[in-house]
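# Architecture at a glance
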Amino acid sequence: MFNEFTALLSKEVKLEWRNKFALGGLLLYVVSTAFVAYLSFKKIVDIPVWNALFWIIFLFGATNAIAKAFVQDSKEKQLYLYTLASPQAIILSKMVYNGILLFVISVLTYFIFGVLVGNPVHNPTMYLTALILGSTGFSGTLSLLSAIASQTQNNVSLLSILGFPILLPLLMTLLRLSKNAADGISWTVSINYVWILLALNAIVFMLSYLLFPYLWRE
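Just so we're clear, the structure is a prediction, and the values are computed from it rather than from any experiment. (Residues numbered from 1 in each chain as written. Predicted model: local features only at pLDDT ≥ 70, side-chain atom pairs only at ≥ 80, totals over all residues. Heavy atoms only, no water.)

### Looking at the pattern of salt bridges
Worth spelling out the cut-off: Salt bridges are identified by distance alone: a Lys or Arg side-chain nitrogen within 4 Å of an Asp or Glu carboxyl oxygen. Secondary structure follows DSSP: runs of H or I at least 4 residues long count as helices, runs of E at least 2 residues long count as strands, and numbering of each begins at the N terminus.
Within this structure, the stated rule accounts for one salt bridge. The partner of Lys179 in a salt bridge is Asp183, with the nearest N and O atoms 2.4 Å apart. In this pair, Lys179 and Asp183 are both assigned in helix α8 (residues 155-183), four residues apart and thus about one turn of the helix distant.

Spelled out as structure tokens, the structure:
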């Protein structure tokens with residue numbers, strides 16, 4: 001299974017590199033939304049506003065980035081993959097690749113947003129932890145939802161409808177952890193949020209690993 005996983009992960013990277021317009025579109029989205037915020041506020045000194053705008057930008061960027069995870073695959077391609085690799089290797093490779101992609105997007109958003117409207121974060125290490133855990137959680141949840149949505153006609157619409165309510169607990173915890181990071185609150189106060197995020201990510205990955213084979217078989 002490990003060989004299947006590495007081969008599929010390499011495939012995802014090569015396909016993304018060939019379709020550079022997708023990464024360019026995501027970068028354009030991040031820059032344009034951050035620039036609109038700059039035109040509106042010039043400089044954001046209110047930490048809750050800065051933090052909320054950051055995660056709003058990241059939320060929509062993540063949805064656009066992962067919407068194509070399974071939706072873009074034709075039925076013939078899915079059948080071909082079904083004969084080559086186990087469903088567990090397929091879903092894990094998708095989640096790991098999407099997690100890496102979302103982390104890169106989050107770091108770019110953090111950098112560009114900070115340059116344009118200011119960076120009030122007092123604890124960058126804690127904020128980076130929130131970005132890692134957030135990218136992982138968004139990747140696992142949206143990858144599985146993309147697989148479910150690919151079985152329907154209005155796949156992109158279904159992904160958007162299902163995504164927000166399911167991501168809400170994760171997003172609320174991320175907002176609290178990142179707000180504490182921006183305020184410079186110590187790790188002893190925020191460590192509970194880290195454990196909650198780790199637990200949510202573990203649940204998502206476990207459910208995806210166990211349930212995806214049944215979905216893939218359809």
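Moving on from the coordinates now.
### Quick notes on the side chain of Ser139
Put simply, the rule reads: Residues are treated as being in contact if the distance between any of their heavy atoms lies within 4.5 Å.
Mapped onto the fold, Ser139 is located in helix α7 (residues 124-149). Excluding residues within four positions of it along the chain, Ser139 makes contact with Ile66, Lys94, Met95, Asn98, Gly99 and Leu102.

### A few points about the nonpolar core
The test is simple: Residues belong to a common nonpolar core when they are buried Ala, Val, Leu, Ile, Met, Phe, Trp, Tyr or Cys residues joined through side-chain atoms within 4.5 Å. When accessible area is computed with a 1.4 Å probe and restricted to protein chains, residues below 20% of their type maximum are described as buried, those above 50% as exposed, and intermediate ones as partly exposed.
In this structure, Trp50, Trp55, Phe113, Tyr127 and Phe138 are the most contacted members of the largest nonpolar core, which totals 53 residues. Looking at this core, the elements with two or more residues in it are α1 (2-18), α2 (20-41), α3 (47-66), α6 (87-117), α7, α8 and α9 (187-217). Residue contributions to this core peak at 13 residues, all from α6. Other than its neighbours up to four places away in sequence, Trp55 contacts Tyr127, Ala130, Leu131, Leu171, Leu174, Leu175 and Ser178.

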